Amino acid sequence: MHKATYSVTFVRHGESEWNKMNLFCGWHDVGLSEEGEWDALEVSAAALKRENMCYDVAFTSCLRRANQTLDIILKELNLSDIPVRQLWRLNERHYGALTGFNKRQMADIYGEEQVQVWRRSFNVPPPAIEPTNPYYHAIKSNPRLRHINEKDFPSTETLETTMERVVPEWTDSIIPEVRAGKRVLVVAHGTSLRGLVKHIQDADIMKFNLPNSIPFIIDFDDSMKMVGGIRFLANDETVLKAMEKVASIGGK
């Protein structure tokens, strides 16, 4: 058994306004719901406090729901002054033409199986977002995303194409900080974190659902290979319930 040399903490943001309404969100920049803010404080930050976790640097996406979650956590841990790097490549997966639509409605129109394929398959993309989508222009003109090159700006994504941007960021930006002995916190999104976990574990995660707000820790050996399993900072029953909630089309 390899000995753990490093560890990294990951958190999926709390419930957003669109999670609450069961809408495909992707790159549309909505904030946390009241429940999401409460979860960031009473689930995410509270769990990290219980474990006496402390961090030297934090990584997050360029989307508000992840940024708000991180801000609440850092404030509660008295770490608001640590460096925070906002990286667009940690953004949620772009849901293309599904953006703004209710998951249940889409399942009724396209069939439950097709929608689950779009949500959970590795490389089957939803249709691309078109300028006629009511959120197209809000996404394209979002000041938080303006620095992204046109050629890199997606119109739809899969887990595979999301990994193609997330994994290099992990390798080039996050791992060097870990190797330098920094205590690292990553607050991001369901699919960007699933992509990272898939890369780290080198395993099939099609049925793996990451719960909102419950922090998890992964340990690494000297060569940044995973040691042991994923450690969620909550009891098994809580984790299982939260995973089932995420998996359900009718749920959030």
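Residues numbered from 1 in each chain as written. Predicted model: local features only at pLDDT ≥ 70, side-chain atom pairs only at ≥ 80, totals over all residues. Heavy atoms only, no water.

Undergrad: Would you mind going over the pattern of salt bridges with me for this structure?
TA: Pairing between side chains of opposite charge can happen when the charged atoms of each approach one another. Taken as a whole, this structure holds 14 salt bridges when the rule is applied. With a closest N to O distance of 3.9 Å, Lys245 and Glu35 form a salt bridge. Highlighted residues: Lys245 in helix 9 (residues 236–247) and Glu35 in helix 2 (residues 34–50), separated in sequence by 210 residues. With a relative accessible area of 38%, Lys245 lands in the partly exposed category. Of the residues examined, Glu35 reaches a relative accessible area of 36% and is grouped as partly exposed. (Salt bridge = Lys/Arg side-chain N within 4 Å of Asp/Glu carboxyl O. Helix = DSSP H or I, 4+ residues; strand = E, 2+ residues; numbered from the N terminus. Buried < 20%, exposed > 50% of the residue type's maximum accessible area, 1.4 Å probe, protein only.)

Undergrad: Would you mind showing me how to read the nonpolar core here?
TA: Counting 30 residues, the largest nonpolar core has Phe10, Trp170 and Val186 as its most contacted members. Those elements giving two or more residues to this core turn out to be strand 1 (6–12), strand 2 (57–60), helix 7 (159–179), strand 4 (184–188), helix 8 (190–201), strand 5 (216–220) and helix 9. Judged by nonpolar contacts, the second largest core, of 16 residues, contains Ala45, Ala47, Ile73 and Leu79. (Core = buried A, V, L, I, M, F, W, Y, C linked by side-chain atoms within 4.5 Å.)

Undergrad: Looking at this structure, how should I read the packing of aromatic side chains?
TA: Centre distance and the angle of the planes are the two values used to describe a pair of aromatic rings. Counted according to the given criterion, the structure contains 9 aromatic pairs. Ring centres of Phe24 and Tyr95 lie 5.1 Å apart, and the angle between their planes is 50°; this geometry places the pair in the tilted category. One end of the pair, Phe24, is in the loop between helix 1 (17–20) and helix 2; the other, Tyr95, is in the loop between strand 3 (84–86) and helix 4 (103–110), with 71 residues separating them in the sequence. The exposure class assigned to Tyr95 is buried, which follows from its relative accessible area of 8%. Taken together, a centroid distance of 5.7 Å and an interplanar angle of 40° make the contact between Trp170 and Phe220 tilted. Of this pair, Trp170 sits in helix 7 while Phe220 sits in strand 5, and the two are 50 residues apart along the sequence. With a relative accessible area of 0%, Phe220 lands in the buried category. Of the aromatic side chains, those joined through ring pairs into one cluster are Phe10, Trp170, Phe216, Phe220 and Phe232. (Phe/Tyr/Trp six-rings, centres within 6.5 Å; stacked < 30°, edge-to-face > 60°.)

Undergrad: Even after reading the chapter, I still don't get the sheet that holds strand 6 (residues 226–232), so can you show me in this structure?
TA: Strands pair in a sheet through their backbones, by hydrogen bonds, and they do so in one of two ways: parallel or antiparallel. Reading across the sheet, the 6 strands line up as 3-2-4-1-5-6 and stay open at both edges, with mixed pairing between neighbours. Edge positions in the sheet fall to strand 3 and strand 6, since each has one partner strand and no second. Neighbour to neighbour, the strand axes of the sheet diverge by 20° on average, direction disregarded. Across 5 bridges, strand 1 lies against strand 4 in parallel orientation. By the bridge assignment for strand 4, Phe10 is matched with Val186. (Pairing = 2+ DSSP bridges. Axes fitted to C-alpha atoms, helices over the stretch in contact; angles between N-to-C directions.)

Undergrad: Looking at this model, I keep getting lost on the pairing of strand 5. Mind explaining?
TA: Both faces of the sheet carry side chains from a regular strand, because those side chains alternate between them. Burial of strand 5 is extensive: 5 of the 5 residues sit out of reach of the surface. Judged by which residues are buried, strand 5 turns out to be covered on both faces: Phe216, Ile218 and Phe220 on one side and Ile217 and Asp219 on the other are all buried. With 4 bridges connecting them, strand 5 and strand 6 associate as antiparallel partners. Counterpart to Phe220 in the pairing with strand 6 is Met226. Taking the residues that link successive antiparallel strands as the turn, the strand 5-strand 6 hairpin has 5 residues, and the phi of Met224 there is positive, at about 60°.

Undergrad: I tried to follow the UniProt feature "active site" (unreviewed entry) in the protein on my own but got confused; where do I start?
TA: With numbering matched to this structure, UniProt assigns "active site" (unreviewed entry) to His13 and Glu92. Their sequence span is 80 residues, while the largest C-alpha to C-alpha distance among them is just 10.5 Å; these annotated residues converge on one region. Along the chain, His13 falls in the loop between strand 1 and helix 1. His13 has contacts with Asn19, Leu32, Arg65, Ala66, Thr69, Ala188, His189, Asn212 and Ser213, leaving out every residue within four places of it along the chain. (UniProt positions renumbered as here; feature names shortened; annotations may be inferred. Contact = heavy atoms within 4.5 Å.)

Undergrad: Sorry, what's going on with the packing of helix 4 against helix 5 (residues 112–120) here?
TA: Packed helices, taken two at a time, are described by the angle between their axes plus the distance between the axes. Between helix 4 and helix 5, the least distance of the axes is 6 Å, while the angle of their chain directions is 125°. Taken together, the axis directions place helix 4 and helix 5 in an arrangement best described as oblique. Of the residues in helix 5, those touching helix 4 at Lys103, Arg104, Met106, Ala107 and Tyr110 are Glu112, Gln114, Val115, Trp118 and Arg119. For the contact of helix 4 with helix 5, a count of residues per class yields 5 nonpolar, 1 polar and 4 charged. (Parallel < 35°, antiparallel > 145°, perpendicular 65-115°, else oblique. Nonpolar A, V, L, I, M, F, W, Y, C, P; charged D, E, K, R; others polar.)

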